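What follows is the residue order along each chain.
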Amino acid sequence: EAGVAQSPRYKIIEKRQSVAFWCNPISGHATLYWYQQILGQGPKLLIQFQNNGVVDDSQLPKDRFSAERLKGVDSTLKIQPAKLEDSAVYLCASSFNIASGELFFGEGSRLTVL
Amino acid sequence: RKEVEQDPGPFNVPEGATVAFNCTYSNSASQSFFWYRQDCRKEPKLLMSVYSSGNEDGRFTAQLNRASQYISLLIRDSKLSDSATYLCVGMDTGRRALTFGSGTRLQVQP
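The structure displayed is predicted, hence computed values, not measured ones.

> So, the pattern of salt bridges: which residues are in play, and what are the values?
Counted by the stated rule, this structure contains 7 salt bridges over all chains. One salt bridge connects Arg37 of chain B with Asp39 of chain B, and the closest N-O pair in it is separated by 2.8 Å.

In structure tokens, the structure reads:
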């Protein structure tokens with residue numbers, strides 16, 4: 001079974017530029033998450049989708065971050081304009097049954113903002 | 001105050017040692033708890049769920065104390081391959097969102 005796919009794996013941009021990350025969850029997983037993991041910290045939830053609807057985006061900095069999951073399958077996360085403190089790994093995860101507590105994470109997209 | 005707090009470590013232990021990690025949580029709405037493992041520069045993976053009655057999976061034992069809002073993970077007979085960061089995770093059953101602690105780093109030495 002294919003895992004969660006993410007791209008790009010690495011991205012280096014200058015502050016004030018924009019960047020987009022793509023995620024394709026495991027087939028059949030209705031719930032999709034974007035987490036931000038800053039070096040030395042645990043993953044922090046940015047946004048949670050159930051199919052193509054947003055369940056929780058309370059920690060998404062909406063002045064610069066946006067995310068969509070238009071067809072209820074793959075998703076994109078965009079940052080515009082980027083700040084130095086956005087340097088982090090952006091992890092996409094999906095889940096079939098959240099009650100199990102098992103999220104399947106992709107390998108992540110590592111962003112460096114200079 | 002963070003919802004889930006952990007000692008960052010690192011815990012440096014010799015092979016064969018027993019090591020215990022603790023975690024406290026502040027959100028009383030958190031109903032379910034888990035331990036995830038994250039290897040260096042890799043994604044987190046579920047290690048085990050945590051039940052009030054305690055649960056064991058091979059060399060790993062997890063325990064939840066709701067009265068003290070405290071979660072623990074015990075690793076017996078440590079292996080070199082156990083070296084990783086262990087993330088304590090709480091789930092608000094209402095929101096169905098997982099909140100991760102900052103992780104405790106374990107380094108098992110030969």
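Structure's up, so let's keep going.
> Got a sec to walk through unusual backbone geometry? Specific residues and values, please.
Residue Pro8 of chain A follows Ser7 of chain A across a cis peptide bond; omega there is -10°. Along the chain, Pro8 of chain A falls in the loop between β1 (5–7) and β2 (10–13). For the bond from Gly9 of chain B to Pro10 of chain B, the omega torsion is 10°, close enough to zero to count as cis. Inspection of the secondary structure assignment puts Pro10 of chain B in the loop between β1 (4–6) and β2 (11–14). Positive phi is not limited to glycine here, since Asn51 of chain A has a value of about 55°. For Asn51 of chain A, the location among the structural elements is in the loop between β5 (44–50) and β6 (53–56). The partly exposed category is assigned to Asn51 of chain A, whose relative accessible area is 40%.

> Kindly report on the environment of Val4 of chain B, identifying the contributing residues and their values.
Residues and elements named next belong to chain B. With respect to the helices and strands, the residue Val4 is situated in strand β1. Val4 sits in the buried class, given a relative accessible area of 5%. When sequence neighbours within four positions are dropped, the list of residues in contact with Val4 reads Cys23, Thr24, Tyr25, Cys88, Gly90, Thr99, Phe100 and Gly101.

> Can you lay out the interface of chain B and chain A for me, pointing to particular residues and giving the numbers?
Contact residues are listed per partner, giving 17 residues for chain B and 22 residues for chain A. Carbon and sulfur atoms supply 51% of the area buried between chain B and chain A, which totals about 1,600 Å² over both sides. Looking at the side of chain B facing chain A, the largest losses of area belong to Glu43, Arg96 and Phe100 of chain B, adding up to 29% of the total buried there. For the interface between chain B and chain A, the tally reads 0 salt bridges. Counting across the interface, chain B meets chain A through 4 residue pairs in polar contact (both at pLDDT 80 or more). Those elements giving two or more residues to the side of chain B that touches chain A turn out to be β4 (30–38), β5 (45–50), β9 (84–92) and β10 (97–100) of chain B. The residue makeup of the side of chain B that touches chain A, split by class, is 9 nonpolar, 4 polar and 4 charged.

Calculation notes
- Residues numbered from 1 in each chain as written.
- Chains lettered and ligands numbered in written order.
- Predicted model: local features only at pLDDT ≥ 70, side-chain atom pairs only at ≥ 80, totals over all residues.
- Heavy atoms only, no water.
- Salt bridge = Lys/Arg side-chain N within 4 Å of Asp/Glu carboxyl O.
- Helix = DSSP H or I, 4+ residues; strand = E, 2+ residues; numbered from the N terminus.
- Buried < 20%, exposed > 50% of the residue type's maximum accessible area, 1.4 Å probe, protein only.
- Contact = heavy atoms within 4.5 Å.
- Buried area = accessible area lost by both parts, 1.4 Å probe.
- Polar contact = N/O pair within 3.5 Å; in protein donor to acceptor, adjacent residues only side chain to side chain.
- Nonpolar A, V, L, I, M, F, W, Y, C, P; charged D, E, K, R; others polar.

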